[in-house]
Amino acid sequence: MHKAVIGLQWGDEGKGKIVDYLSEDFDLVARYQGGNNAGHTVIVENTTYKLNLIPSGVIRGKPCFLGQGVVLDPEHFLNEYDQICQKISNPKIYLSSNISLILKYHKHLDKINESLLTGENKIGTTAKGIGPAYQDKVGRKSIKLYDLKNLSYVEEKLKIIKKFYDPTLIHFGEEPINIKECIDFLRTFTSKIGNLIIDNSLIKNEFSLKSILFEGAQGALLDLDHGSYPYVTSSNTVSSNIVIGSGLQLDYKTIGIFKAYATRVGNGPFPTELFDSIGDYIADKGVEIGTVTKRKRRCGWLDLVSLKYSCQINRVSELCITKVDVLNDLKEIKVCKSYQLKKYEDINFSDSNYLNTIQLLEDDYDIFPSWGDISEFKSYNELPDNLKNYITFIENYLEVPVTIVSLGPERNQTLLK
Ligand code: IMP
Ligand code: MG
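Along each chain, residues carry numbers from 1 onward, in the same order as the chain's sequence is written. For naming, the first written chain is A and the first written ligand is 1, with later ones following in the order written. Per-residue local features of the predicted model are confined to residues with pLDDT of at least 70, and side-chain atom pairs are confined, for both listing and counting, to 80 or more; whole-chain, interface and lining totals are unaffected and use all residues. In computing side-chain properties, one takes all heavy atoms of the structure into account and sets aside hydrogens as well as water.

Time to look at the state of the cysteines. Note on terminology: disulfide denotes any pair of cysteine sulfur atoms within 2.5 Å. For the structure shown, the criterion picks out 0 disulfides. The thiol of cysteine 299 is unpaired, and the distance to the nearest cysteine sulfur, on cysteine 336, comes to 16 Å. Here cysteine 320 is not cross-linked by a disulfide; its sulfur's nearest cysteine counterpart is in cysteine 311, at 12 Å.

Inspection of the region around ligand 1 gives 16 residues, with Asp12, Asn37, Thr126, Thr233 and Arg295 positioned closest. Contacts described as polar in this section are N or O atom pairs within 3.5 Å, which, within protein, must combine one atom able to donate a hydrogen with one able to accept it, while residues neighboring in sequence count only if both atoms come from side chains. In this structure, asparagine 37 approaches ligand 1 through a side-chain N or O atom, which is 2.9 Å from an oxygen atom. Contact between ligand 1 and glycine 124: an oxygen atom at 3.3 Å from a main-chain N or O atom of the residue. Here the Shrake-Rupley method, with its probe set to 1.4 Å, supplies the accessible areas, and only the displayed protein chains count as covering residues. The protein chains hide 97% of the 470 Å² of surface that ligand 1 would expose on its own. Grouping the amino acids of the shell around ligand 1 by side-chain chemistry returns 6 nonpolar, 8 polar and 2 charged. Residue proximity to a molecule or strand is established when one non-hydrogen atom of the residue lies within 4 Å of it. All amino acids are sorted into three groups, where Ala, Val, Leu, Ile, Met, Phe, Trp, Tyr, Cys and Pro are nonpolar, Asp, Glu, Lys and Arg are charged, and the leftover types, Gly among them, are polar.

On to the coordination of the magnesium ion (ligand 2), then. Binding of the magnesium ion (ligand 2) to the protein goes through Asp12 (OD) and Gly39 (O), at separations of 2.1 to 2.4 Å. In this pair, aspartate 12 sits in the loop between β1 (2-7) and α1 (15-22) while glycine 39 sits in the loop between β2 (28-31) and β3 (40-44), placing the two residues 27 residues apart along the sequence. The rule is simple: take the accessible area with a 1.4 Å probe, protein chains only, and divide by the maximum for that residue type; under 20% is buried, over 50% is exposed, in between is partly exposed. Of the residues examined, aspartate 12 reaches a relative accessible area of 23% and is grouped as partly exposed. Classification of glycine 39 by relative accessible area gives buried; the value is 15%. Keep in mind that water is not among the atoms, so a site may look incomplete; donors are the N, O and S atoms within 2.8 Å of the metal, or 3.2 Å for Na, K and Ca. Under the DSSP-based scheme used, a helix requires at least four consecutive residues in state H or I and a strand at least two consecutive residues in state E, with every element numbered from the N terminus.

This next bit is on the side chain of histidine 76. One can find histidine 76 in helix α2 (residues 74-87). Given a relative accessible area of 18%, histidine 76 falls into the buried group. A polar contact of 3.4 Å, which involves the side chain of histidine 76, links it to the side chain of asparagine 36. Contacts of histidine 76, omitting those with residues within four sequence positions, involve Asn36, Asn52 and Leu53. Contacts are assigned to residue pairs that have any heavy atoms within 4.5 Å of one another.

Working definition: a ring pair exists when centres of Phe, Tyr or Trp rings (six-membered ring for Trp) sit within 6.5 Å. Plane angles under 30 degrees give stacked, over 60 give edge-to-face, the rest tilted. Overall, the coordinates contain 12 aromatic pairs when judged by the stated rule. Where phenylalanine 214 meets tyrosine 252, the ring centres are 6.3 Å apart and the plane angle is 65°; that geometry is what we call edge-to-face. Here phenylalanine 214 is found in strand β10 (residues 212-215), whereas its partner tyrosine 252 is found in strand β11 (residues 252-259), with 38 residues between them in sequence. No difference in accessibility class separates phenylalanine 214 from tyrosine 252, as the two residues are buried. Here, a charge over a ring is recorded when the distance from Lys NZ or Arg CZ to the ring centre is within 6 Å and its angle to the ring normal is within 35 degrees. When the ring centre of tyrosine 49 is taken as reference, the NZ or CZ atom of lysine 87 above it lies at 5.3 Å.

This part covers the sheet that holds strand β7 (residues 93-96). In this scheme, strands are said to pair when DSSP sees at least two bridges between them. Ordered in space as β9-β7-β5-β2-β10-β1-β11-β15-β18-β19, the 10 strands form an open sheet in which the pairing is mixed. Each edge of the sheet is formed by a strand with only one pairing partner; in this case those strands are β9 (197-198) and β19 (414-416). Across 3 bridges, the pairing between strand β5 (residues 64-66) and β7 is parallel. Each residue of the ladder has a partner; that of phenylalanine 65, found in β7, is tyrosine 94.

This next bit is on the sheet that holds strand β17 (residues 365-369). If you walk across this open sheet you meet the 3 strands as β14-β16-β17, and the pairing is mixed. Both edges of this open sheet fall to β14 (302-303) and β17, since each of them pairs with a single strand only. Relative to strand β16 (residues 332-336), β14 runs parallel, the two sharing 2 bridges. Directly across from leucine 302, in β16, lies its bridge partner valine 335. To obtain an axis, a line is fitted to C-alpha atoms, over the contacting stretch when the element is a helix, and the angle between two such axes runs from 0 to 180 degrees between their N-to-C directions. In this fold helix α12 (residues 385-398) packs onto β14, β16 and β17, with an angle of close to 155° to the strand it touches most, β17.

Another point: the packing of helix α3 (residues 104-115) against helix α5 (residues 151-171). Two elements in contact, α3 and α5, have axes separated by 11 Å at closest approach and are oriented at 25°. Relative to α5, the element α3 is oriented roughly parallel. Remark: the crossing between α3 and α5 carries left-handed chirality. Contacts from Tyr105, His108, Leu109 and Ile112 of α3 reach α5 at Leu158, Ile161, Tyr165, Thr168 and Leu169. Split by residue class, the contact of α3 with α5 holds 7 nonpolar, 2 polar and no charged. Note on terminology: angles under 35 degrees are roughly parallel, angles over 145 are roughly antiparallel, angles of 65 to 115 are roughly perpendicular, and the others are oblique. A clockwise turn of the near helix away from the far one marks a right-handed crossing, whereas an anticlockwise turn of less than a right angle marks a left-handed crossing.

Let us now look at the domain arrangement of the chain. For the chain, the assigned domains read domain 1 (3-97 + 196-246), domain 2 (100-192) and domain 3 (257-416). Start and end positions for the domains come from either an automated domain assignment or a database one. Look at where the C-alpha atoms of domain 2 and domain 3 centre, and you get two points 37 Å apart. Listed by partner, the interface residues are 8 residues for domain 2 and 5 residues for domain 3. Two parts placed together each lose some accessible area; with a 1.4 Å probe, that loss summed over both constitutes the buried area. Carbon and sulfur atoms supply 44% of the area buried between domain 2 and domain 3, which totals about 410 Å² over both sides. Think of a salt bridge as a Lys or Arg side-chain nitrogen and an Asp or Glu carboxyl oxygen that are within 4 Å of each other. Counting every contact that joins domain 2 to domain 3 gives 0 salt bridges. Counting every contact that joins domain 2 to domain 3 gives 3 residue pairs in polar contact (both at pLDDT 80 or more).

Here we take up empty space enclosed by the protein. Left-over empty space is what a probe sized like a water molecule reveals as it rolls over the atoms. Put simply, the grid is 1 Å and covers the protein atoms alone, a cavity is a trapped set of points that fit a 1.4 Å probe, a pocket is an open set with protein on both sides within 12 Å along at least five of seven lines, and lining residues have an atom within 4 Å of a point. Grid points are joined across faces, edges and corners, and a volume is the space filled by probe spheres set on the points. Summed over the entire model, instances satisfying the criterion amount to 1 cavity of 30 Å³ or more. The wall of the largest cavity is formed by Trp10, Leu221, Gly227, Ser228, Pro269, Phe270, Pro271, Asp303, Ser306, Tyr339, Phe349 and Leu355. Tallied by class, residues from the lining of the largest cavity come to 8 nonpolar, 3 polar and 1 charged. Counting residues domain by domain, the lining of the largest cavity receives three or more from each of domain 1 (3-97 + 196-246) and domain 3 (257-416).

The subject of this paragraph is the pattern of salt bridges. For the structure on display, the rule yields 24 salt bridges. Here glutamate 399 makes a salt bridge to lysine 308, at a shortest N to O gap of 2.9 Å. Of this pair, glutamate 399 sits in the loop between α12 and β18 (402-406) while lysine 308 sits in helix α10 (residues 304-314), placing them 91 residues apart in sequence. Look at glutamate 399 and you get exposed, because its relative accessible area is 65%. Salt bridges linked by common partners bring Asp12, Lys259, Glu288, Arg297 and Lys323 together as one network.

If you want it as structure tokens, here you go:
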């Protein structure tokens, strides 16, 4: 059975590590949405791999596929691909020819969009051009990978795009679109990695009888439709986008992944956010710094209300809890089980105006004692009762079993339950 690893919070749940761990049993690892706004750090035997676009399965030498729902910055891809080639011999990477490109002007437009917003209205994007690239896809202006076969056609397309965007770019002090530079770059790009571009039909044929692991990017609460709009990313991060974003019509089981606490980068509602020294402690101990933007992540207690919603919208059938070691030494650990005593069924998670009014009450939390050092444990049964009780409470609330517990960043700090 194919499987999907989906983040249930606001991203950075540790998907990269778990995809690396699980990928051993799969023939292909695939991305279906997002771009290089994602950032995965995977540590294997003292080597750190930082990945933004290429699925973490590449570390085990697994074939990897970027599906048509991904937006691809060719400049970034060349760098990431080069770096991977230095660490992994002969990586097998396929890029769907239907992928839409992120070009320089998308990054400039992202910057302009964000600069027009002030204070709390700022989204806090990664400024990688993700939103504008998806806007162009929906607006039928994308340059697709398959277009690169005919650069004079791309040139004609760029002339129209230039007419559309140059007035805005110039007005806001950004460089106008340089068609020659763009075409020259795309020619170099194609000459270097053109052989990785593949039609969806070929991927379908080659992997029709094989098992695929899907790697989600960002998290369910940043989903364009289900997340706290407008503080969301510009793609559908939830598992139901897999079929469209990969172009592969197949069934899969979803493993939902979440941290033992919560973090968020960028703006937007975060009901369990901590503004005190405990929040700072979690940020320090968990090294909660954005992989892409190097921003300090906001930290808070585990929020079961939003997690239950995420389980539902992703049809999650099993769970993976990560970074439980970060909470080892806290005196007490809080878990949010309602918002102002309301259950998740009564919450509109896409309405940021409403979510921002929520001030949690003491009765919205349950409190758990901590579990101390767990770094040496090698099996689930050995774990301290305090940690097992914490996990059981989560399972009962979410009505989904936890099957994987991650105790630290290394591949071998992963326990199956
Ligand atoms: P964008 O995806 O760059 O447009 O950013 C939109 C929002 O999503 C911002 O709050 C970002 O911080 C957040 N975001 C985008 N990608 C990630 C990610 O991979 N992890 C965590 N947050 C992300
Ligand atoms: Mg990340």
